[in-house]
Amino acid sequence: MQLEEKLLNGDKRGCAKLISMVENNDKEAIDIIKKLYNHTGNAHIIGITGPPGGGKSTLTDRLAKALRKEDKKIGIIAIDPTSPFSGGSILGDRIRMNDLSLDKEVFIRSMGTRGYLGGLSKATQGAVKLLDIFGCDYIFIETVGVGQSEVDIVKTADTVIMVMVPGLGDDIQAIKAGVMEIGDIFAINKSDLMGASKTATEIKMMLDMSDNMERRPPVLQVTAIKNEGIDKLVDEIKNQMNYLEESNELYERRKNNAKTEIIKLVEEDIINLILKKNESIGMLDDIAHEVAIKVLDPYTAKDRVFNSIKEL
Amino acid sequence: MYDKEKLDQIKKSKKDWEEKVVNKTLEKYPERLEEFKTGSGDEIDRLYTPEDIEDIDYKEDLGYPGKYPYTRGAQPTMYRGRLWTMRMYAGFATAEESNKRYKYLIEQGSKGLSVAFDLPTQIGYDSDHDLSAGEVGKVGVAIDSLADMEILFDGIPLDKVSTSMTINAPASVLLAMYIAVGEKQGVSSDKLRGTIQNDILKEYIARGTYIFPTEPSMRLITDIFDYCSKHVPKWNTISISGYHIREAGSTAAQEVGFTLADGIAYVDAAIKTGLDVDAFAPRLSFFFNAHNDLLEEVAKFRAARRLWAKIMKERFKAKSEASMRLKFHTQTGGSTLTAQQPDNNIVRVAIQTLAAVLGGTQSLHTNSKDEALALPTEDSVRIALRTQQIVAHESGVTNTVDPLAGSYYIEAKTNEIEQEAMKYINKIDELGGAPRAIDIGYIQQEIMDSAYIHQKEVEGDKRIVVGVNKYKIEEEPPSDLLKVDPAVENLQKKKLDDLRAKRDNNAVMEKLENLGKACSSDENVMPYILDAVKAYATLGEICGVMREIFGEYEQSVRL
Amino acid sequence: MDRPIRVLVAKPGLDGHDRGAKVVARALRDAGMEVIYTGLRQTPQQIVAAAIQEDVDVVAMSILSGAHNHLFPKVVQILKDEGAEDILIVGGGVIPEDDIPGLKEAGVKEIFTPGTATTDVIEFIKNNVKRK
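Residues numbered from 1 in each chain as written. Chains lettered and ligands numbered in written order. Predicted model: local features only at pLDDT ≥ 70, side-chain atom pairs only at ≥ 80, totals over all residues.

Quick look at the overall build of chain C
When helices and strands are counted, chain C shows five helices and five strands. Starting at the N terminus and ending at the C terminus, chain C contains elements arranged as β-α-β-α-β-α-β-α-β-α. Relative to the globule expectation of 14 Å for 132 residues, the C-alpha radius of gyration of chain C, 13 Å, shows essentially globular dimensions. Seen through its principal axes, chain C has C-alpha atoms that stretch 40 × 35 × 25 Å. When the 132 residues of chain C are sorted by exposure, 62% land in the buried category. (Helix = DSSP H or I, 4+ residues; strand = E, 2+ residues; numbered from the N terminus. Rg over C-alpha atoms; globule rule 2.2 N^0.38 Å. Buried ≥ 20, exposed ≤ 12 C-beta atoms within 10 Å, placed from the backbone.)

Laid out in structure tokens, this is it:
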């Protein structure tokens, strides 16, 4: 069976192979996505983000289980940081989702960031499309969860759930700039801990102060480990989707996301061109040398590089 | 401990010695290593002098054995009065086979039993459960019901031995079985002596045989505290364990810090349920590891005793001296044993035995030389027991109490470990206590960091392990290892089938239902577990009821 | 751009001793590999499901409880049933010498016993992995 068929038939191994190929920038995989792109668009893509230690994996696990009861097909992409020193990584989010592994209608994939800034793996976008074609009704993207870089997730997801925990008052202050704004739904996890309602109030206040919001995000208290508040959260996810569809916001978001993605892809190709060109003639090294010894300024250097690739 | 003038003279003369004598020697004969480190990786000085213990106040910090702060020992006369309990951890295959091993150990001079259960028993599954496949009888004895327990202690009068059971998540069930066996022997529960490990927090941290989430687990533990204080008063209701924390790779100071932090959590939980601290604290016991760095280990045991005494007195306002006195069991360090040249392990165990005894342990298990390869054979267990007996009767270290006290190094190291351990406790307090620190993976990660550093040092030859990275030889694989017959699994399954056919299943159902109701209420579950056990409900059935109501723990890993 | 070697590090069975598995996981990461760590108490079925979804090159398992003769071959078998026999399988733990030939015959490529240097594990994986 061809990979393409396997993907359409819901074969996990085929889907897994294709994700690997996308990670490797494999042309065959990209061609398959091109060909099957009209099969995408059915999945609700949900980003799960928030500071480390907030229990994002457990929450994702519980959301997936709740949606499985409605017979929905689920894809999960769990992202962990890659070590900048070794290029390796330990991807441990599956620990929280082990009993989902055997569910025929759930596909979980762990990814390292592999040096790509923004907390999202470079291949995430490709993997999301593959899971969409694969037939998933919901695709969860669980991010690394480190501060500002999480803003990137909005550019991939339809809905972003910010996962917070009680007693992170200072952290809220620290991350509010830019990051608070990306949450469509706020889930205060571990709400059985002291201070949960205080944290909820603080977040609500902060959200009320923000004036560039069309819709004030709901703030929910949940305790994922005890499966408390999950059904409500699922309801809010659905409300959010209804809102997005009715307000035409879904189209707007997806268009914006597409714009960002296209620019990223072009950017990447240009950089690859430069690197390729550089490989053949060692240009970059030479120019950098000249800039370093002050024979050449970096702006002229840029023009030279740009002109050289125009020739290609 | 010294007057200021004397101390100044000592400081001055030490400086002289360093400048004139040491430096000259170093020029000609540099030291072997650039830096010297303890087994835990702490830097260690060339020489310790009174300068290093100048802040010690003898009466306050050391005092007398059997008196606060117990630095010098838990009892006034220590081993002059009674030797430690030589307690060999054993159990494998079926109850019948383990029963034979226990009788052999008692014959050989062992004074207390220590029961090892297989993993399905420790995790509350019957031998016929899917997840038990391949594990039945492997690391300990398989116990599915009271029927197995009756065989396990057949011919062993429970009023004559003290029995330690390494059981945690289902501790209340195994304790109930023990009480029921006692009853059948005509021994009332107030005469039973022994210990259950019952330390769930270190299972979350390091050992992995957890079942239920933190909250219900803590409730089961405090239920046991409460029940035993009324009905089994001589029973040690918990053995708060640093052993496995150390095995997982912690340093000596982390072993003390994390273990006592767990201890604090148990005391907090018990007080919260309304128990009086002095009603249960005297029944708390501890369990530590003995590694190869003899002096560091001795200091560790002393530091643990002193720190716990202070915590009980100052933090928990205990009034009874017995509440402040830390008593502990020791096991030699399993992770220090090598699969290479296994005979060398006998020597390691001997050094570790000395450390435990010089540190004032109340009981001791010595590992056997072949345990990096398989379960120990009867012969290797005997050598391990003899090691204790030689230290007890031939080494002479038992003739005076706390003989290493007053050593500049030992006292300085005792202080250092106590301070470092206290730092960890403070950090854990900041995070909201041990359960929370475990939940976010803090303790596990600290231990893992230490373990990884250790591994890298061994691989980089910065730490010599004889036979592993130095003095290696070509050797034949050992041939006389103990093998558990895979047929044990089927045997246990058959016993279960027979039991289920024979017992009054309606009575079992009823007792299990009652247990379920108790679990959902605030009532103490112990009496209900005891009822179920006596009706021959299986361990898996009892734990199954609790699983349904309490849910299951989810591991927290931060790598 | 070649992706890093992906390794599933798993603890099959009920054994809770994970120091070795975690140390190996870290060492593999530091050698530039992507390690998927699935934690304790994994059934052979779960291990295989994870290996397939993660499209790993290697499955590395550790058991110290003595259940290796039952569990290791089972994982190999299910991987074969799923058509994933190209995945390199290695094991480690307290495993008596006598058991090693049988495990290798069952399809476990190498067994690492106590005292093995992590560098040896890394070397072995690098030399034996079948890149797709």
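Further notes follow.
Structural notes on the domain arrangement of chain B
Residue and element names in this part refer to chain B. You can read the domains of chain B as domain 1 (4-53) and domain 2 (79-459). Taking only C-alpha atoms, the centre of domain 1 and the centre of domain 2 are 37 Å apart. Taken residue by residue, the interface counts nine residues in domain 1 and twelve residues in domain 2. Along the lines of polarity and charge, the residues of the side of domain 1 that touches domain 2 split into three nonpolar, five polar and one charged. (Domains from an automatic or database assignment. Contact = placed C-beta atoms within 7 Å. Nonpolar A, V, L, I, M, F, W, Y, C, P; charged D, E, K, R; others polar.)

What to know about the sheet that holds strand β3 (residues 58-63) of chain C
Note: strands within a sheet are paired through backbone hydrogen bonds, in either parallel or antiparallel orientation. With parallel pairing, six strands are arranged side by side in an open sheet as β3(A)-β2(C)-β1(C)-β3(C)-β4(C)-β5(C). Of all the strands in the sheet, the pair left with one neighbour each is β3 (89-91) of chain A together with β5 (110-112) of chain C. The average undirected angle you get between the axes of adjacent strands in this sheet is 25°. As paired strands, β3(A) and strand β2 (residues 34-37) of chain C are joined by three bridges and run parallel to one another. If you follow Leu91(A) over to β2(C), its bridge partner there is Ile36(C). (Pairing = 2+ DSSP bridges. Axes fitted to C-alpha atoms, helices over the stretch in contact; angles between N-to-C directions.)

Things to note about the interface of chain A and chain B
A common way to express how large an interface is: the accessible area buried when the components associate. Listed by partner, the interface residues are seven residues for chain A and five residues for chain B. In terms of residue class, the side of chain A that touches chain B is made up of three nonpolar, three polar and one charged.

Brief notes about the pairing of strand β1 (residues 44-49) of chain A
Residues and elements named next belong to chain A. By the criterion of burial, β1 is predominantly enclosed, with six of the six residues buried. Residues His44, Ile46 and Ile48 of β1 are buried on one face, and the alternating residues Ile45, Gly47 and Thr49, pointing to the opposite face, are buried as well. In terms of strand pairing, β1 meets strand β5 (residues 138-142) through five bridges, oriented parallel. From the neighbouring strand, Ile46 faces β5, where its bridge partner is Phe140. When β1 meets strand β6 (residues 159-164), the two strands line up parallel, connected through four bridges. Each residue of the ladder has a partner; that of Ile48, found in β6, is Ile161.

Thoughts on the nonpolar core
Counting 258 residues, the largest nonpolar core has Leu130(A), Ile529(B), Val7(C) and Val59(C) as the members making the most contacts within it. Of the residues forming this core, the biggest block, twelve residues, is contributed by helix α10 (residues 252-272) of chain B. What Leu130(A) contacts, discounting residues up to four positions off in sequence, is Leu7(A), Cys15(A), Leu18(A), Ile19(A), Val22(A) and Ile33(A). (Core = buried A, V, L, I, M, F, W, Y, C linked by C-beta atoms within 7 Å.)

Quick word on the sheet that holds strand β8 (residues 328-332) of chain B
Residue and element names in this part refer to chain B. Strand order in the open sheet formed by nine strands is β5-β4-β3-β2-β1-β9-β8-β7-β6, and the pairing between neighbours is parallel. Two strands in the sheet have a free side with no partner beyond their single neighbour: β5 (235-236) and β6 (238-241). Pairing geometry for strand β2 (residues 112-115) and strand β3 (residues 162-165), over four bridges, is parallel. In the strand pairing of β3, Ser114 is matched with Ser164. Set on the sheet, helix α14 (residues 344-358) makes contact with β7 (284-290), β8 and β9 (363-365); between it and β8 the angle comes to about 165°.

Some thoughts on the environment of Arg348(B)
All names here are of chain B. Here Arg348 lies in helix α14. Note on Arg348: 21 C-beta atoms within 10 Å, which makes it buried. Note: C-alpha distance between Arg348 and His291 (57 residues apart in sequence) is 8.4 Å. Residues within four places of Arg348 in sequence aside, it is in contact with Asn292, Thr336 and Leu337.

Some remarks on the interface of chain A and chain C
With 27 residues of chain A at the interface, the matching set in chain C holds 28 residues. Going through the elements one at a time, α2 (12-23), β3 and β4 (106-112) of chain A are the ones with two or more residues in the side of chain A that touches chain C. The element contributing the most residues to the side of chain A that touches chain C is α2(A), with seven residues. When grouped by side-chain class, the residues that make up the side of chain A that touches chain C number eight nonpolar, 13 polar and six charged.

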